[in-house]
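# Descriptive analysis of the structure
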Number of protein chains: 2
Amino acid sequence: MRFSGERDNITSKSGEEKFMKVKLGAKNCLYPLPTTLVGANVNGKPNYITIAHVGIMNLSSVSLGMHKSHYTNIGIRENETFSVNIPSIKMVKETDYCGIVTGKKVDKTKLFDTFYGKLETAPMIKECPLNMECQLIKTVDFPDHDVFVGEVIETYVEETCLTDEIVDFAKIQPILFVMNDRSYWKLGDRFAKAWNIGNELKNR
Amino acid sequence: MRFSGERDNITSKSGEEKFMKVKLGAKNCLYPLPTTLVGANVNGKPNYITIAHVGIMNLSSVSLGMHKSHYTNIGIRENETFSVNIPSIKMVKETDYCGIVTGKKVDKTKLFDTFYGKLETAPMIKECPLNMECQLIKTVDFPDHDVFVGEVIETYVEETCLTDEIVDFAKIQPILFVMNDRSYWKLGDRFAKAWNIGNELKNR
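These remarks concern the structure in this document. Just so it is clear, the model here is predicted, and its values are computed rather than measured.

Rules of the game
- Residues numbered from 1 in each chain as written.
- Chains lettered and ligands numbered in written order.
- Predicted model: local features only at pLDDT ≥ 70, side-chain atom pairs only at ≥ 80, totals over all residues.
- Heavy atoms only, no water.
- Helix = DSSP H or I, 4+ residues; strand = E, 2+ residues; numbered from the N terminus.
- Buried < 20%, exposed > 50% of the residue type's maximum accessible area, 1.4 Å probe, protein only.
- Contact = heavy atoms within 4.5 Å.
- Areas by Shrake-Rupley, 256 points an atom, 1.4 Å probe, with all protein chains shown as cover.
- Lys, Arg positive; Asp, Glu negative; His and termini not counted.
- Charge placed at Lys NZ, Arg CZ, Asp CG, Glu CD.
- Pairing = 2+ DSSP bridges.
- Phe/Tyr/Trp six-rings, centres within 6.5 Å; stacked < 30°, edge-to-face > 60°.
- Lys NZ or Arg CZ within 6 Å of the ring centre and 35° of its normal.
- Least-squares fit on C-alpha atoms with pLDDT ≥ 70 in both.
- Buried area = accessible area lost by both parts, 1.4 Å probe.
- Salt bridge = Lys/Arg side-chain N within 4 Å of Asp/Glu carboxyl O.
- Polar contact = N/O pair within 3.5 Å; in protein donor to acceptor, adjacent residues only side chain to side chain.
- Core = buried A, V, L, I, M, F, W, Y, C linked by side-chain atoms within 4.5 Å.

Each helix and strand in chain A was counted, giving three helices and 16 strands. Along the longest, intermediate and shortest principal axes, the C-alpha atoms of chain A span 65 × 45 × 30 Å. Sorting the 204 residues of chain A into buried and exposed places 59% on the buried side. Counting contacts in chain A only where the partners sit at least 6 residues apart, residues at least 24 apart contribute 56% of the total. Total accessible area on chain A is roughly 8,300 Å²; 44% of this is exposed by carbon and sulfur atoms. When the 26 positive and 26 negative side-chain charges of chain A are each reduced to one mean point, those points stand 7 Å apart.

This paragraph deals with the environment of V167(A). Turning to its location among the elements, V167(A) is positioned in strand β14 (residues 166-167). For V167(A), a relative accessible area of 3% corresponds to the buried category. Put simply, V167(A) and K21(A) are 146 residues apart on the chain and 39 Å apart in space, counted from C-alpha to C-alpha. Ignoring any residue separated from it by four or fewer positions in sequence, one finds V167(A) in contact with L130(A), V157(A), C161(A), L162(A), I172(A), L24(B), C29(B) and N180(B).

Two strands in a sheet stick together by hydrogen bonds in their backbones, pointing the same way (parallel) or opposite ways (antiparallel). Ordered by their spatial adjacency, six strands build an open sheet running β3(A)-β15(A)-β16(A)-β16(B)-β15(B)-β3(B), and the pairing between neighbours is antiparallel. Since the sheet does not close on itself, it has two edges, and those belong to β3 (33-34) of chain A together with β3 (33-34) of chain B, each with one partner. Bridging between strand β15 (residues 176-178) of chain A and strand β16 (residues 183-193) of chain A involves three bridges; their strand directions are antiparallel. When the bridges of β16(A) are listed, V178(A) appears paired with S183(A).

Take the packing of aromatic side chains next. All chains considered together, the criterion is met by twelve aromatic pairs over all chains. For the pair Y48(A) and F112(A), a centre-to-centre distance of 5.7 Å together with 90 degrees between the ring planes defines the contact as edge-to-face. Of this pair, Y48(A) sits in strand β5 (residues 45-51) while F112(A) sits in the loop between α2 (92-100) and β9 (114-115); the two residues are 64 residues apart in sequence, bridging distant segments of the chain. The buried category is assigned to Y48(A), whose relative accessible area is 0%. An aromatic cluster of at least three residues, connected via ring pairs, comprises Y31(A), F177(A), Y184(A) and W195(B). The positively charged end of K138(A) is found above the aromatic ring belonging to F142(B), 4.8 Å away from the centroid. In this structure, K186(B) is placed above the aromatic ring of F191(A), and the distance from its NZ or CZ to the ring centre is 5.8 Å.

The subject of this paragraph is the relation of the copies chain B and chain A. There are two copies of the chain, and a rotation about an axis plus a shift along that axis relates them. In screw terms, the move from chain B to chain A is a rotation of 180 degrees and a rise of 0.0 Å along the axis, fitting with an RMSD of 0.0 Å. Taken together, the rotation and translation describe the operation of a two-fold axis. Residue by residue, 100% of the interface of chain B is reproduced at the interface of chain A, so both copies engage with the same surface.

Of the residues lining the interface, 113 residues belong to chain B; the matching set on chain A comes to 113 residues. Carbon and sulfur atoms supply 67% of the area buried between chain B and chain A, which totals about 10,300 Å² over both sides. Linking chain B with chain A are ten salt bridges. The residue E158(A) makes a salt bridge to K21(B) at a minimum N-O spacing of 3.6 Å. If you look at where chain B meets chain A, you find 52 residue pairs in polar contact (both at pLDDT 80 or more).

Considering all chains together, one arrives at 22 salt bridges over all chains under this definition. Taking the shortest distance from any N to any O, the salt bridge between D181(A) and R190(B) comes out at 2.9 Å. Of the two residues, D181(A) sits in the loop between β15 and β16 while R190(B) sits in strand β16 (residues 183-193), which places them in two different chains. By relative accessible area, which is 42% here, R190(B) ends up partly exposed. Because the salt bridges share partners, they merge into one network encompassing R7(A), E159(B) and E165(B).

A few words now on the nonpolar core. Of all hydrophobic cores here, the largest spans 90 residues; its most connected members are F82(A) and F82(B). V140(A), V149(A), M57(B) and V147(B) belong to the second-largest nonpolar core, a separate cluster that totals ten residues.

A few words on helix α1 (residues 71-79) of chain A. Listed as buried for α1(A) are Y71(A), T72(A), N73(A), G75(A) and I76(A). Contact partners of the buried residues in α1(A): β4 (36-42), β5, β7 (61-67), β8 (81-86), β11 (130-141) and β12 (145-157) of chain A.

On to unusual backbone geometry. Excluding glycine, residues mostly carry a negative phi; peptide bonds, for their part, are mostly trans. Here Y31(A) and P32(A) are connected by a cis peptide whose omega angle stands at 0 degrees. The phi dihedral of D164(B) is positive, around 50 degrees, even though this residue is not glycine. Note on placement: D164(B) falls in the loop between β13 (162-163) and β14 (166-167). Judged by relative accessible area, D164(B) falls into the exposed class, the value being 71%.

Right, here's the structure in full:
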């Protein structure tokens, strides 16, 4: 990633104080994001691709930003179903590999055991500790990307990744992706409760 | 979060092996996601709200999944600009607070120093180590959510958060959000290179 950083003195709104920030140009830094393996049947056969440009739109739906050149897009359009599989850090080689080679040329399903759920056409990866089976509900069109929005229909998890019946991401050990340094990162420690720790500021 | 987990024996595609996964029902588990403070001018005044249901659509754009009831949505629609500010873990109280109280009733800008960039109507938070100034390019409508898609126009970073001129998320110390346990998590260690470590499987 080339750097075009310009040091700039910025004035805060009150106009009383100057401070310095580096301007990077138009650089997307909304990271880290969870690395996923997206599954779809293409021409009747399961295929998996590594996607980390993902997001949540509303509570029940996930989005996948997928370049239009990808083989997997054909299957998602055809079946209107897909899966989002969360690999753990011990699967990092297989996960990265699925982002390097294309399903047009390589049968990536040999790396994993595949299973299907209630939608019947969304292949899922047994070895991934967590799998979400999704129904395509929307496609948002960009010049070079299809953004597929799926409603989660069923979620499967390894029993060993639950703590008090709640999904425990310390046990999932997801692979977090940062584009800026083109690297995978681990999840750190849980350190605060949401909709809670901020209450301390309420009565200030 | 109530648990409706059903233990189920699942048969893999080859049909030779059975294994167990717990079915959670339709449970969104695409976590962790980065916790952001989204800035917008509402009725001519800056306001900030905590949003972690975010994503990347294509390389240059970010998405914000925001419930329609939020005050900030008014400003994003009006100005067609917003900012995405990445707070560090030391700002967790202020960050959580901005998700608890509404700008309709509380002036949250008192917590931070605000600055503006080239769009002039997207307020940004000086104390956040990273800020993205965004132009609204699309709104995806959901029954209860507006998904605002912004193109990043300029990115500002603290110089101390760069390593070899690249944004270093170990120095940013982002606040990662998990809905399942309603908690904030730290980022862990960088452990592998993307589009690289998977090459080891190429010649198998």
